[in-house]
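Survey of secondary and tertiary structure
Spelled out from the first residue to the last, the chains are:
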Amino acid sequence: MGGAELRGRTSARLTLGWVGSVVAAAVALLTATLLGRAWSACDAGVNSAANGAFLLWVFIPVLAIVLLIVWLGTVALLGRRPLVSAVVGGALVLAVSWCAFSLFWEGTTYHCPSGVPPWWPDLVPAPGF
């Protein structure tokens, strides 16, 4: 194996690692925003300050780390095929994000008797296990 080939593979993995960290942070932020909006619309949780502190200081960092581990694990397993690993990694990141969102979904409250905020699209199934 030549030095140029090794540098090319290392560069591709490094690029996928940086892309993964940006994707993990963005998806964690979007998931926390969606969860916060759902809690706010349904008046779920303790109060807005406690919910916001949980989302900002616990939920986002932990979810971002978990998503980054999922992404990097996928890249490590499918590293020779960068496009396939990026697509599979993206799908797994979205699936783990949906599971985290569903885990903290409040469900039925006084303001949302059906368990779904009024703005939730009908085509998307309500999260929850």
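That block above? That's the structure.
Only a predicted model underlies this, so the values are computations on that prediction, with no experimental measurement involved. Per chain, residue numbering runs from 1 following the sequence as it is written. In keeping with the predicted nature of the model, local features appear solely for residues at pLDDT of at least 70, side-chain atom pairs appear and are counted solely at 80 or more, and the whole-chain, interface and lining totals rest on all residues. The side-chain values count all of the structure's non-hydrogen atoms but skip hydrogen atoms and water molecules.

1. A closer look at the packing of helix H2 (residues 48-77) against helix H3 (residues 82-103)
Fitted lines through C-alpha atoms give the axes, limited to the stretch in contact for helices. The angle between two N-to-C directions lies from 0 to 180 degrees. Strands here mean DSSP runs of E at least two residues long; helices mean DSSP runs of H or I at least four residues long; both are numbered from the N terminus. In the contact formed by H2 and H3, the axes pass within 9 Å of each other and the chain directions differ by 150°. Classified by the interaxial angle, the pair formed by H2 and H3 is roughly antiparallel. For the pair H2 and H3, the sense of crossing is right-handed. Each of Phe 59, Leu 63, Val 66, Leu 67, Val 70, Trp 71, Thr 74 and Val 75 in H2 lies in contact with H3, whose residues at this interface are Ser 85, Ala 86, Val 88, Gly 89, Gly 90, Leu 92, Val 93, Val 96, Ser 97 and Ala 100. Residues are grouped as follows: nonpolar covers Ala, Val, Leu, Ile, Met, Phe, Trp, Tyr, Cys and Pro; charged covers Asp, Glu, Lys and Arg; every other residue, Gly included, is treated as polar. Across the contact of H2 with H3, the residue classes tally to 13 nonpolar, 5 polar and no charged. Relative orientations are named as follows: roughly parallel for angles under 35 degrees, roughly antiparallel for angles over 145 degrees, roughly perpendicular for angles from 65 to 115 degrees, and oblique for any other angle. Two helices cross in a left-handed way if the nearer one is turned anticlockwise from the farther one by less than a right angle. They cross in a right-handed way if the turn is clockwise. Pairs of residues are marked as contacts when any of their non-hydrogen atoms sit within 4.5 Å.

2. Section: the side chain of Ser 85
Within the element layout of this structure, Ser 85 appears in helix H3. When near neighbours in sequence (up to four residues on either side) are disregarded, Ser 85 contacts Leu 16, Thr 74, Val 75 and Leu 78.

3. Points about the nonpolar core
Within soluble globular proteins, side chains that are nonpolar generally end up buried alongside one another. What we call a nonpolar core is a set of buried Ala, Val, Leu, Ile, Met, Phe, Trp, Tyr and Cys residues that are connected through their side-chain atoms within 4.5 Å. Relative accessibility under 20% of the residue-type maximum defines a buried residue, over 50% an exposed one, and the middle range a partly exposed one, all with a 1.4 Å probe and only protein chains included. By size, the foremost hydrophobic cluster in this structure holds 22 residues, and its most contacted members are Ala 28, Leu 35, Leu 55, Phe 59, Leu 63 and Leu 67. For this core, the secondary-structure elements that each account for two or more residues are helix H1 (3-42), H2 and H3. Not counting the four nearest positions on each side in its chain, Phe 59 is found in contact with Thr 31, Ala 32, Leu 35, Phe 54, Ala 100 and Phe 104.

4. Digging into the state of the cysteines
Here, the word disulfide means a covalent bond between the sulfur atoms of two cysteines. Cysteine sulfur atoms that pair up within 2.5 Å are treated as a disulfide. Here the structure, examined in full by the defined rule, presents 1 disulfide. Residue Cys 42 pairs covalently with Cys 112 via a disulfide, S to S 2.0 Å. Measuring handedness by torsion sign, the sulfur bridge of Cys 42 and Cys 112 sits at about -95° and is left-handed. Residue Cys 42 is found in helix H1, and its partner Cys 112 is found in the segment after H3; the two are separated by 70 residues along the sequence. Neither Cys 42 nor Cys 112 differs from the other in exposure class; each is buried.

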